[in-house]
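# Structural description and commentary
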Amino acid sequence: MSIRNFDALFDPGAIALIGASTAPGSVGAVLAENLYGAGYAGPIMAVNPHATAIRSALSYHSVAELPVTPDLAVLATPAATVPGLIADLGRRGCRAAIVISAGFGAAGEPAGLRQQLLDAARPHLLRIVGPNCLGLISSPRRINASFARLTPHPGNIALISQSGAIIEALLDWADERGIGFSHVVSLGDMSDADIGDMLDHLCADAATRSILLYVENITHARKFMSAARAAARTKPIIVVKAGRSAVGARAALSHTGALAGSDIVYDAAFRRAGLLRVAELDELFAAAAILATGIRVSGERMAILTNSGGAGILAVDAAGARGGTVAMLAPGTIARLDKILPAGWSRANPVDLLGDATGERYAGALDALLEERDSDAVLVINCPTAVADGVDTARAVATVAGRHRGVPILTSWLGGRSTQDARAVLAQSKLPTFKSPEEAVRAFSYLADFRRNQALLMETPAAGVMIGQGVIEQARQLFAAVRSDGRASLTEAESKEMLSWFGIPTVPTATVASPAEAARSFVAMTGRAVLKILSPDIMHKSDVNGVALDLGSAEEVEAAGQAMLAAVAVARPDARIAGFTLQPMIVRRNAQELIAGIAQDPTFGPVILFGAGGKATEIVGDRAIGLPPLNSVLARDMIGGTRIARLLAGFRDVPATPLEPVVDVLLRLSELSVLLPEIRELDINPLLANAEGVIALDARVVICEPQPASPGLSVSPYPRELEREIRLEDGTALHLRPIRPEDETPLAEMVGLCAPEDIRMRFFGPLKGFPHEMAARLSQIDYDREMAFIVVEPGTAFGGGPILGVVRIMGDPERETAEYAILVRTDMKGRGLGYRLMSEIIAHARETGYRTVFGHILRENRGMLHMAADLGFTITPDPDDLETMRAVLALQALEPAPPSQRKGRKRQRASA
């Protein structure tokens, strides 16, 4: 994560255009035309060794001749010349460059040219956009450093694309519709600056209200996820990802690997980050337009008000196709509508007002729908008729909308010229209006999807699972034994045993060498049995008749084993037979067969899969993907994203399956993927689930040596290594650990137990309650960007309380500076806890690589001011706020004061 020198990209003091040209139609000529013609107020200096002037401005023969050091350089010269030019620019003090040139690392080009480019830039911290890109456009500074065909209108939408051609098309499309942009960035080959960097910059950009992404691939998944999650909390991000088809999907050893295709993993990543994914380019602007209105919905239920039954049905069909929910009208709502509508109205949703509906009828019905609150949005549809005035109806709808601000209203006036005046009335009233019901429903679906994704970022999970270190070491010893045997896969029995260590219920499984031994083992069993072939070369046993079910006697077991050997000899004569596995036949009434597992994605690292299991799992293709680490909210969202979730919810005489045991399995698999990166694939299929719970009937684990070049986790996991026991000055033992999402409730309880004065010192003002949104934001943190330590009693479970104190830092993307904040529960003050928390967070900041820690302190907060001085902070008045002081600690220069210098400060630290 780095936005170092991005000010030189978006707000340069001077620009150099290297490769400027006067040749008509050349890239250098178009660049010059765009740069000089966009209205940039600073100096633009053209460099061309063969020209004396470009567009009537003096041209220079080399970088050395430039009279002013450029902050930004735009290069459009042959690829082989670029590294040398970058080195020259760096020595001059240039801080950023846009490399338009192509030919870096492509077939037939000199090897290592891309690396030469980076090597030339690195000593000078010179940032590179490109190579092989269209360029950059920034409306606030009137910069068009691109060879795009046109300069877009100014606006508040930022566009980032890996394809220059897509940008050209989108700019043309936007120009026709009068849509403007704050910034347009073509990233090209992303040798340096990438999507994550741009999101970090645009997150804090005041000129940008929403961000559009065209993505072909992600190069640094963890960096992208961190930046995307941070930016999505502040403004809508809409993404189109090319390559949705399964062509080229990798071959996999297990069901899980085969089901975890690349595009579905991207889907999961975008959802986890809070991004809204759309399928087509034209949807980018449609989604951006509705989200830019500021309209937000609180749910997914839509009511439809129409004077045409057919138009209402089209809206319902569109909602169904997008997974939407048509609201059910309550009996009270229907009774109210009965009083004001003709007898022939639909008495259901869609509310069909009949073809002669006037503005008055629309207004009465809309009032009822908005006041009864059966829905989260209302779509008002009007078809032109000869007996009612569409403009009058639009005015009536606008009047009602002005009285109700709680439920969003979308409109669709069907028709052409005859509806233009009505649409103008609606637009003037700031009511979104669409040409068709389908467009309106699509817009509502964007709002609903955006709400759902944002809610996932804020929901409070239940307490997570914790795996002991001893179990982890036990698993690693098993992996070592498997490798020493020359194997990459655990046997079925080994896989189940390992899963049982980690708390996942499994069926007891014995390994036997022959049909006769299987028969002898059956005698010691109770009930009926299942016999399976055991071979390191056979992944799917049922494919070779390698599974025999419901065996009731030793004779049946032995006969099944003999038949199995014969069948396998025909189907897979090359397969090595290691024996058989024997296990009880598990029969559970109304059970569903599920699949759960771990797979490795080449971009996003380990992923968790859940879906419908059994032999047909790949054919059915009902699955959902999640990125670890998971919590209970994310696990439930995964389950809810599958069709089998409807079966788990119960149907007819089949009772619902409790989801808690299924969620628990997914959380434990998540922990496995985090703690044991050696797991390449893990496959539980089937995982049997019913009202009795879950049990793994079959399992397989594939391992590999940890690879240094593997992508690793794409979401920062809980840093359990930072947990430790601490002691206060009076000897009290406490447990210090990083905060977790499930700590939201005890965090809110702690704030509630603090004195109002302490709250005012921490938050610089009184708090009327501690809302969920604030508590969630402070407990659901990105450990790559910030850290918060809490202190609890020893032995306190995750999500348990009470919390006695909390300290945090939030750093910049460069890891240069971090701002701290601290709160100690009022009854714990005066015992040295505040000082200990500050010492711990300072030590963490230093170990993480931050250069400076700073904080803002109210002038009257003498306790915090004294503590900061004890810790070595330099304290000065805040130039931006007369009521606060600014405390700054240079981590490389100063150490905290020794304990001997802290005596007598205990009372003064009371407000820490």
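Refer to the structure printed above.
Below, the structure is looked at part by part. All values reported here derive from a predicted model rather than from experimental measurement. Numbering of residues begins from 1 in every chain and follows the order in which that chain's sequence is written. In keeping with the predicted nature of the model, local features appear solely for residues at pLDDT of at least 70, side-chain atom pairs appear and are counted solely at 80 or more, and the whole-chain, interface and lining totals rest on all residues. Only hydrogens and water are set aside; all other atoms, that is, all heavy atoms of the structure, feed into the side-chain values.

As a further point, take the packing of aromatic side chains. Only Phe, Tyr and Trp rings take part, Trp by its six-membered ring, and two of them pair if their centres are within 6.5 Å. Stacked means planes under 30 degrees apart, edge-to-face means over 60, and tilted covers everything else. Applying the stated rule across the entire model yields 11 aromatic pairs. When the centroid spacing of 6.0 Å and the interplanar angle of 65° are considered together, the rings of Phe181 and Phe285 count as edge-to-face. Placement of Phe181 in strand E11 (residues 181-186) and of Phe285 in helix H10 (residues 281-292) is noted, with a sequence separation of 104 residues between them. Each member of the pair, Phe181 together with Phe285, is buried. Judged by centre distance (6.2 Å) and plane angle (75°), the ring pair of Tyr718 and Tyr783 falls under edge-to-face. Taken together, the residues Tyr718 in the loop between strand E30 (699-703) and strand E31 (724-727) and Tyr783 in the loop between helix H27 (772-779) and strand E33 (786-792) connect sequence positions 65 residues apart. When accessible area is computed with a 1.4 Å probe and restricted to protein chains, residues below 20% of their type maximum are described as buried, those above 50% as exposed, and intermediate ones as partly exposed. Under the relative-accessibility criterion, Tyr718 is labelled buried at 13%. One aromatic cluster is present, formed by Phe224, Tyr266, Phe270 and Phe604 through successive ring pairs. Both a distance and an angle decide whether a charge sits over a ring: NZ of Lys or CZ of Arg must be within 6 Å of the ring centre and within 35 degrees of the ring normal. Positioned above the aromatic ring of Tyr266 is the side chain of Lys241, whose terminal nitrogen or guanidinium carbon lies 4.5 Å from the ring centre. Segments assigned H or I by DSSP are reported as helices when at least four residues long, segments assigned E as strands when at least two residues long, and all are numbered from the N terminus.

Sheet strands line up and pair through hydrogen bonds in the backbone, either parallel or antiparallel. Following DSSP output, two strands are said to pair if at least two bridges run between them. Pairing is mixed in the open sheet, where 7 strands are placed in the order E9-E8-E11-E10-E12-E13-E14. The sheet is open, and its two edges are formed by strand E9 (143-146) and strand E14 (276-278), each paired on a single side. On average, each strand axis in the sheet is tilted by 20° relative to the strand beside it, whichever way the strands run. Here strand E10 (residues 154-161) runs beside E11; their pairing, made up of 6 bridges, is parallel. The residue of E11 that forms the bridge with Pro154 is Phe181. Between N-to-C directions, angles span 0 to 180 degrees; the directions come from axes that are lines fitted to C-alpha atoms, helices contributing only their stretch in contact.

Okay, the sheet that holds strand E35 (residues 817-824) next. The 8 strands are arranged E31-E32-E33-E34-E35-E36-E38-E37 in an open sheet whose pairing can be described as mixed. Strands at the two margins of the open sheet, each flanked by one partner only, are E31 and strand E37 (874-877). Strand-to-strand twist across the sheet, computed as the mean angle between neighbouring axes with direction ignored, equals 25°. When strand E32 (residues 733-738) meets E33, the two strands line up antiparallel, connected through 4 bridges. The residue bridging Leu736 from the neighbouring strand is Val791, located in E33. Working rule for contacts: check all heavy atoms of both residues, and any pair within 4.5 Å makes them a contact. Across the sheet, helix H25 (residues 744-753) lies against strand E34 (803-811) and E35, angled at about 110° from E34, the strand it touches most. In the packing of helix H29 (residues 862-870) onto the sheet, the strands contacted are E35, strand E36 (852-858), E37 and strand E38 (884-890), and the crossing angle to E36 comes to about 160°.

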